[in-house]
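So you can see what is in the structure, the chains are spelled out below.
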Amino acid sequence: MRLTDVRPQKGSKKRPRRLGRGVSAGQGASAGKGMRGQKARSGGSTRPGFEGGQQPLYRRIPKLKGFPLVNRKKYTTINVEKLASLPANTEVTLTSLKEAGILTASRGPLKILGDGELSVPLKVQAAAFTGTARSKIEAAGGSCEVLE
C-alpha cells in the first residue's frame, strides 16, 4: 500500500451543492434561500443579537445600581464587637466561633465587619475583612489573615 492508494471510502464524500445554476440543478434561481429579503442576500444575515433595529435584549437588561448581582457571594458576617468577648490571643475562625456559641449557622465563608470596639488582640482568619474591621483588629494588637 502506498500513499497514492489512500483515498476516502466510497460514499463517504458528498459533492458540494451547486447553488444558483439553473432550475434543473435543484438549487436554481433563489438557491434555497426562499424569496427576497435581507437573509436571501449575499453576505449572510444580521449579527447575533440584532433585533431589526429594536433595542436588543443585551442593552435592555438593567446594569445600574439597585439591581441584584446574579452570582453574588454570600458570607457569614460578624461584627468586631462580638469578638471582644473572646480571650486574648485566640485564633478566630468560622469553626471556632461556632464552637464558642457566637455564631449559630454558617451561610458561607466568614467576613468580619467593623461595627463596635475591640480591645483584645486576636488572630483572625476569615475570607474577607472590611477596611475598618482590619484597622480595629490591628490597632488592638491582633492580626488578620485572609483565607482563600
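Here goes a summary of the coordinates provided. What you see is a predicted model; the values in this text were computed from it and never measured.

1. Concerning the sheet that holds strand 3 (residues 110-113)
- Taken together, three strands build an open sheet; the order of strands is 1-3-5 and the sheet is parallel. Looking at strand neighbours, the two that pair on one side only are strand 1 (76-79) and strand 5 (128-129), the edges of this open sheet.
- By the bridge criterion, two bridges tie strand 3 to strand 5 in an arrangement that is parallel. Each residue of the ladder has a partner; that of lysine 111, found in strand 5, is alanine 128.

2. Quick look at the environment of alanine 140
- Note on placement: alanine 140 falls in the loop between helix 4 (131-139) and strand 6 (143-146).
- On a C-alpha basis, the gap between alanine 140 and arginine 60 in space is 49 Å, while along the polypeptide they are 80 residues apart.

3. Notes on the sheet that holds strand 2 (residues 91-92)
- Strand order in this open sheet of three strands is 2-4-6, and the pairing throughout is parallel. Each edge of the open sheet is held by one strand with a lone partner, namely strand 2 and strand 6.
- Note: strand 2 against strand 4 (residues 123-126), two bridges, orientation parallel. Its bridge partner lying in strand 4, glutamate 91 is registered against lysine 123.
- Its contacts with the sheet place helix 4 against strand 4 and strand 6, and it is angled at close to 135° to strand 6.

4. Points about the nonpolar core
- Membership of the largest hydrophobic core comes to 19 residues, with the highest contact counts inside it found for Leu83, Leu97, Ile112 and Leu122.
- Those elements that place two or more of their residues in this core are helix 2 (80-83), strand 3, strand 4 and helix 4.
- Each residue touching leucine 122, except ones within four places of it in the same chain, is listed here: Leu83, Leu86, Pro87, Thr90, Val92, Ile137, Gly142 and Ser143.

5. Side note on unusual backbone geometry
- Although it is not a glycine, alanine 31 sits at a positive phi angle of roughly 55°.
- By the element assignment, alanine 31 lies in the segment before helix 1 (57-60).
- Residues other than glycine seldom take positive phi values, yet asparagine 89 does so here, at roughly 60°.
- If you trace the backbone, asparagine 89 turns up in the loop between helix 2 and strand 2.

6. Regarding a nonpolar patch on the surface
- A cluster of nonpolar side chains, Met1, Leu3 and Val6, forms an exposed patch at the surface whose accessible area comes to about 450 Å².
- Examined against the element boundaries, valine 6 turns out to sit in the segment before helix 1.
- Residue valine 6 is classed as exposed on the basis of its relative accessible area of 52%.

The rules behind these values
- Throughout, a residue's number is its position along its own chain's written sequence, starting from 1.
- Note on the predicted model: pLDDT of at least 70 is required for a residue's local features to be given, and 80 or more for side-chain atom pairs to be given and counted; whole-chain, interface and lining totals, by contrast, use all residues.
- With hydrogens and water stripped out, all remaining heavy atoms of the structure feed into the side-chain values.
- Two strands make a pair as long as DSSP finds a minimum of two bridges between them.
- Going along the chain from the N terminus, every DSSP run of H or I of four or more residues is numbered as a helix, and every run of E of two or more is numbered as a strand.
- Between two residues, a contact is recorded if the distance between any of their heavy atoms is within 4.5 Å.
- Every angle, taken between N-to-C directions, lies between 0 and 180 degrees, and every axis is a line fitted to C-alpha atoms, over only the stretch in contact when it is a helix.
- The term nonpolar core refers to a set of buried residues drawn from Ala, Val, Leu, Ile, Met, Phe, Trp, Tyr and Cys, joined through side-chain atoms within 4.5 Å.
- Three labels apply to residues, based on accessible area from a 1.4 Å probe with only protein chains included: buried if under 20% of the type maximum, exposed if over 50%, partly exposed otherwise in between.
- Surface patches are defined over residues having more than 30% relative accessible area and no salt bridge, joining like charges when they lie within 9 Å and nonpolar side chains (Val, Leu, Ile, Met, Phe, Trp, Tyr) when within 5 Å.
- All accessible-area figures derive from a Shrake-Rupley calculation using a 1.4 Å probe, and residue coverage is judged against the displayed protein chains alone.
- Each salt bridge in this description consists of a side-chain nitrogen of Lys or Arg and a carboxyl oxygen of Asp or Glu lying within 4 Å of one another.

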